[in-house]
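Commentary on secondary and tertiary structure
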Amino acid sequence: MKEAKEKKLHNLFFDLSFSEHMNQKELYSLANQLSRSLSSVKFSKNPFALHFSSYNGEIKKIMNELKCTKWIAYFYEEDLAQIKDLPKNLFYLSPDADELLETFDETTSFIIGGLVDRTVTSCVSLNKAKSCGIKAVRLPLNTGAIKVICFNQL
Ligand SMILES: C[S@@+](CC[C@H](N)C(=O)[O-])C[C@H]1O[C@@H](n2cnc3c(N)ncnc32)[C@H](O)[C@@H]1O
């Protein structure tokens, strides 16, 4: 976290606390999507500092299998709510948030819900944000009926 602050990188957290909402296929899909989107972050001109909270249990096993620990990222076994020194200007991205994300700057950090739900369960990330006392915002999408997007699109 200190290094990210020094390099003034945007912090991007993936909240991996939703394993119980996913079956094995969805867990593998999550790990694969993370792996694909993270390689694009790696080659980005403005890379993010990546953080994975609740890196434990089944998702940790699968991500280890896929050699995700080789990624340059911060891995926390604990839940978001237990992480000390979270960035100040931090927003939880949720498709069910009332508030739209209109602007952000170099001090803004984001959390993405690490959840692949083939049968969409509403408000999972919104409820998590509320329970951690973190403000939830929705992306201003211009995609008609599609309100939820997957990691690659994010
Ligand atoms: C496949 S979605 C999971 C949707 C799930 N039903 C929920 O309650 O979050 C994975 C994550 O992508 C992010 N996301 C997807 N669509 C979004 C949107 N329209 N606005 C903000 N975040 C979005 C959220 O962080 C979400 O948790």
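Residues numbered from 1 in each chain as written. Predicted model: local features only at pLDDT ≥ 70, side-chain atom pairs only at ≥ 80, totals over all residues.

**Looking at the site of the ligand**
As a reminder of what qualifies: We call a residue near a molecule or strand when the C-beta position, derived from backbone atoms, sits within 6 Å of it. Runs of E in the DSSP output that reach at least two residues are strands. Runs of H or I that reach at least four are helices, and both are numbered from the N terminus. Three residue categories are used. Nonpolar comprises Ala, Val, Leu, Ile, Met, Phe, Trp, Tyr, Cys and Pro, charged comprises Asp, Glu, Lys and Arg, and polar comprises the others, including Gly.
The immediate surroundings of the ligand are formed by 23 residues, with Leu93, Gly113, Val124, Ser125 and Leu139 found nearest. Those elements giving two or more residues to the shell around the ligand turn out to be strand S5 (109-113) and helix H4 (124-132). The residue inventory of the shell around the ligand, partitioned by class, reads 14 nonpolar, 5 polar and 4 charged.

**Notes on the pairing of strand S2 (residues 49-53)**
To be explicit about the condition: We call a residue exposed when 12 or fewer other C-beta atoms sit within 10 Å of its C-beta, buried when the count reaches 20 or more, and partly exposed for counts in between; the C-beta positions come from the backbone. When DSSP finds at least two bridges between two strands, those strands are taken to pair.
For S2, the buried fraction is high: 5 of the 5 residues fall into the buried class. The alternating pattern of S2 places Ala49, His51 and Ser53 and Leu50 and Phe52 on opposite faces, both of which are buried. Judged from the 5 bridges that link them, strand S1 (residues 11-15) and S2 form a sheet pairing that is parallel. For Phe13, the partnering residue across the bridge sits in S2 and is His51.

**A few points about the sheet that holds S1**
Selection criterion: Each residue gets a C-beta atom placed from its backbone, and two residues are in contact if those atoms lie within 7 Å. With axes taken as lines fitted to C-alpha atoms, and helix axes fitted only over the stretch in contact, angles between N-to-C directions fall between 0 and 180 degrees.
Taken together, 6 strands build an open sheet; the order of strands is S3-S2-S1-S5-S4-S6 and the sheet is parallel. Here the strands that pair on one side only, and so sit at the sheet edges, are strand S3 (74-75) and strand S6 (136-137). Here 2 bridges tie strand S4 (residues 90-93) to S6, and the two strands are oriented parallel to one another. Bridge pairing in S6 links Tyr92 to Ala136. Contacts between H4 and the sheet are confined to S1, S4, S5 and S6, with S5 contributing the most and set at about 130 degrees to the helix.

**Notes on unusual backbone geometry**
A positive phi is found at Asp85, a non-glycine position, where the angle reads about 70 degrees. Structurally, Asp85 is set in the loop between S3 and S4. Using a count of 8 C-beta atoms within 10 Å as the deciding quantity, one classes Asp85 as exposed. Here the phi dihedral of Cys123 falls at roughly 65 degrees; this positive angle occurs in a residue that is not glycine. Tracing the backbone shows Cys123 in the loop between S5 and H4.

**A few points about the nonpolar core**
Rules: Here, a nonpolar core denotes buried Ala, Val, Leu, Ile, Met, Phe, Trp, Tyr and Cys residues that are linked to one another through C-beta atoms within 7 Å.
Counting residues in each nonpolar core, the largest one holds 26 residues, and the members touching the most others are Phe13, Leu30, Ala31, Ile59 and Ile111. Listing elements by their share of this core, those giving two or more residues are S1, helix H2 (24-42), S2, helix H3 (57-65), S4, S5 and H4. Those residues in contact with Ala31 that sit more than four places away from it in its chain are Ile59, Ile62, Met63, Leu66 and Cys68.

**Things to note about H2**
So the rule is basically this: Multiply 1.5 Å by the residue count of a helix minus one, and that product is the helix's expected span. What the arc describes is the spread of directions from the helix axis to the C-beta atoms.
Compared with an ideal rise of 1.5 Å per residue, which puts 19 residues at 27 Å, H2 spans 27 Å between its outermost C-alpha atoms and is within 8% of the ideal. Within H2, burial applies to Leu27, Leu30, Ala31 and Leu34. Down the axis of H2, the smallest arc covering the buried residues is 95 degrees, so these residues share one side. In H2, the exposed positions that point more than 90 degrees away from the buried face belong to Lys25, Arg36, Ser39 and Ser40. Tucked into the core, H2 has its buried residues touching S1 and H3.

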